[in-house]
Amino acid sequence: MSGEAEAAPFRHVALIGLGLIASSMAHAIRATWPEVRITGYARSAETRETAREVGFCNAVTESAPEAVAGADLIVLAVPVGAMGGVAAEIAPHLAPGAVLTDVGSVKQAVIEAVAPHVPEGVAFVPGHPLAGTEHSGPRSGFATLFQNRWWLLTPPEGTDPEAVARLTALVRGMGANVETMEPAHHDLVLAVTSHTPHLIAYTMVGVADHLRRVTDEEVIKYSAAGFRDFTRIAASDPTMWRDVFLTNREATLDILGRFTEELFVLQRAIRMGDGQQLHDYFTRTRAIRRGIIEAGQDTAAPDFGRGAPDQRR
Ligand code: NAP
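So, here's what we can say about the structure. Keep in mind that what you see is a predicted model, and the values were worked out from it rather than measured.

What counts and what doesn't
- Residues numbered from 1 in each chain as written.
- Predicted model: local features only at pLDDT ≥ 70, side-chain atom pairs only at ≥ 80, totals over all residues.
- Heavy atoms only, no water.
- Helix = DSSP H or I, 4+ residues; strand = E, 2+ residues; numbered from the N terminus.
- Rg over C-alpha atoms; globule rule 2.2 N^0.38 Å.
- Buried < 20%, exposed > 50% of the residue type's maximum accessible area, 1.4 Å probe, protein only.
- Contact = heavy atoms within 4.5 Å.
- Salt bridge = Lys/Arg side-chain N within 4 Å of Asp/Glu carboxyl O.
- Pairing = 2+ DSSP bridges.
- Right-handed = clockwise from strand over helix to strand, strands pointing away.
- Axes fitted to C-alpha atoms, helices over the stretch in contact; angles between N-to-C directions.
- Parallel < 35°, antiparallel > 145°, perpendicular 65-115°, else oblique.
- Left-handed = near helix turned anticlockwise from the far one by under 90°.
- Nonpolar A, V, L, I, M, F, W, Y, C, P; charged D, E, K, R; others polar.
- Phe/Tyr/Trp six-rings, centres within 6.5 Å; stacked < 30°, edge-to-face > 60°.
- Lys NZ or Arg CZ within 6 Å of the ring centre and 35° of its normal.

Here we come to the overall build of the protein. Check the secondary structure of the protein and you find 12 helices and eight strands. Taking 2.2 N^0.38 as the reference for a compact globule, 313 residues should give roughly 20 Å; the C-alpha atoms of the protein span a radius of gyration of 21 Å, in line with that estimate. Over its C-alpha atoms, taken along the principal directions, the protein stretches across nearly 65 × 40 × 35 Å. For the protein, with 313 residues in total, the buried portion stands at 42%. A fraction of 74% describes how many contacts in the protein between residues 6 or more apart in sequence connect residues 24 or more apart.

Structure below.
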């Protein structure tokens, strides 16, 4: 995507799972290195057929082992709970010298599920692109999804540095920035920045839904940007998010506990009419938002610069 990319770090990329992340990777890799061969496999015949129609793979195969045959990079892009089973299925078919990665939103559980299956001579470099939308499936991908976003790598100690360097080059070629991190630290950070906020959004939309008497009219008609953003987040893929909470259990429960305590503090301030405490709290959170914008992680434009929904990509 950079326009000045170096030689492709891999010649044959196999994508297992053909949803939002895998299809976006295929589009992004092709935009930078059209010569890279991309093969893919997904569980259902319907998804495989759609992927063939969209045409982001050179070949969509009828089995996972066929897709990985001869690949020098294999990407596991299935829900976190499916990673172990897929790894077991493809392990005997991985070429010596190949690099195996995944894009799962949780890292410790994926490493525990996948690492035992990785054969000698294959380097496993777990990863997680911090980029996504509420859409899923093979039609939802687009080449710029990873542009200027972080892609975290969590290689276990002793991972071949050359494998990490090659994957880093690929990720940079797709427009993302790379950082390496301990898996446990990754899971805690993501519990704060992504997993718990998603749970809160799911809850808030659930609460609004329970107010049946207003749901049909006021809640939707007058939904301000805040609630609309909750509904967008709460439209995210149920399977993916079920697996995130089941596998990042400890960290999410830790952050949720802290969240509940803070909520009680604010609830009490409201009940006691403590305007000073509310004002101080909101002043602190406003400064955090400013910090995010200054760090280049978001835009200060109204509505996050999104524009109308159909202009968002
Ligand atoms: P998605 O659009 O729902 O796609 C998931 C794909 O995995 C589908 O092609 C599905 O095939 C396939 N699949 C599911 N189980 C499988 C199995 N046992 N064997 C083979 N294929 C299987 O999901 P996604 O958003 O791309 O997410 C993929 C991974 O990326 C997840 O681990 C998620 O945590 C991570 N991630 C997601 C986001 C995000 O915002 N979406 C961001 C960063 C990371 P069928 O359609 O045939 O079921």
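Side chains that differ in sign of charge can pair as their charged atoms come close. Summed over all chains, the structure comprises 11 salt bridges. Two residues, Asp72 and Arg11, come together in a salt bridge whose shortest N-O distance is 4.0 Å. A residue pair is termed long-range when its members are at least 10 positions apart, and Asp72 in the loop between helix H3 (64–68) and strand E4 (73–76) and Arg11 in the segment before strand E1 (12–16) qualify at 61 residues. Residue class for Asp72 comes out buried when judged on its relative accessible area of 10%.

We now examine the sheet that holds strand E6 (residues 123–129). One key point about sheets: their strands pair by backbone hydrogen bonds, in either a parallel or an antiparallel sense. The eight strands lie next to each other as E3-E2-E1-E4-E5-E6-E7-E8, forming an open sheet whose pairing is mixed. Looking along the sheet, the strands with just one partner apiece sit at the ends: strand E3 (59–60) and strand E8 (177–180).

Attention shifts here to the pairing of E1. Taking burial as the measure, the five residues of E1 include five buried ones, the bulk of the element. Burial of E1 is two-sided: the residues His12, Ala14 and Ile16 facing one way and the residues Val13 and Leu15 facing the other way are all buried. As defined by bridge partners, E1 adjoins strand E2 (residues 37–41) across five bridges and the pair is classed as parallel. From the neighbouring strand, Ala14 faces E2, where its bridge partner is Thr39. A crossover connection joins E1 to the parallel E2 through helix H1 (residues 20–32); in handedness this β-α-β unit is right-handed. In terms of strand pairing, E1 meets E4 through four bridges, oriented parallel. In the strand pairing of E4, Ala14 is matched with Ile74.

On to the packing of helix H11 (residues 249–272) against helix H12 (residues 275–294). In contact at an axis separation of 8 Å, H11 and H12 are set at 140° when each is read in the N-to-C sense. With respect to H12, the element H11 is oriented oblique. Remark: the crossing between H11 and H12 carries left-handed chirality. Contacts from Glu262, Val265, Leu266, Ala269 and Ile270 in H11 reach Gln277, Leu278 and Tyr281 in H12. Counted by class, the contact of H11 with H12 contains six nonpolar, one polar and one charged residues.

Okay, the packing of aromatic side chains next. Tallied over the full model, the rule gives two aromatic pairs. When the ring of Phe146 is compared with that of Trp151, the centres are 4.9 Å apart and the planes differ by 55°; the resulting orientation is tilted. Of the two residues examined, Phe146 and Trp151, each falls in the buried class. Here the aromatic rings of Trp241 and Phe245 are separated by 6.0 Å at their centres, their planes lie at 40°, and the arrangement is tilted. Here the residue Trp241 and the residue Phe245 both occupy positions in helix H10 (residues 238–247), the gap between them amounting to four residues, near one helical turn. One exposure class covers both Trp241 and Phe245, and it is buried. If you follow Arg284 out to its NZ or CZ, it ends over the ring of Tyr281, 5.0 Å from the centre.

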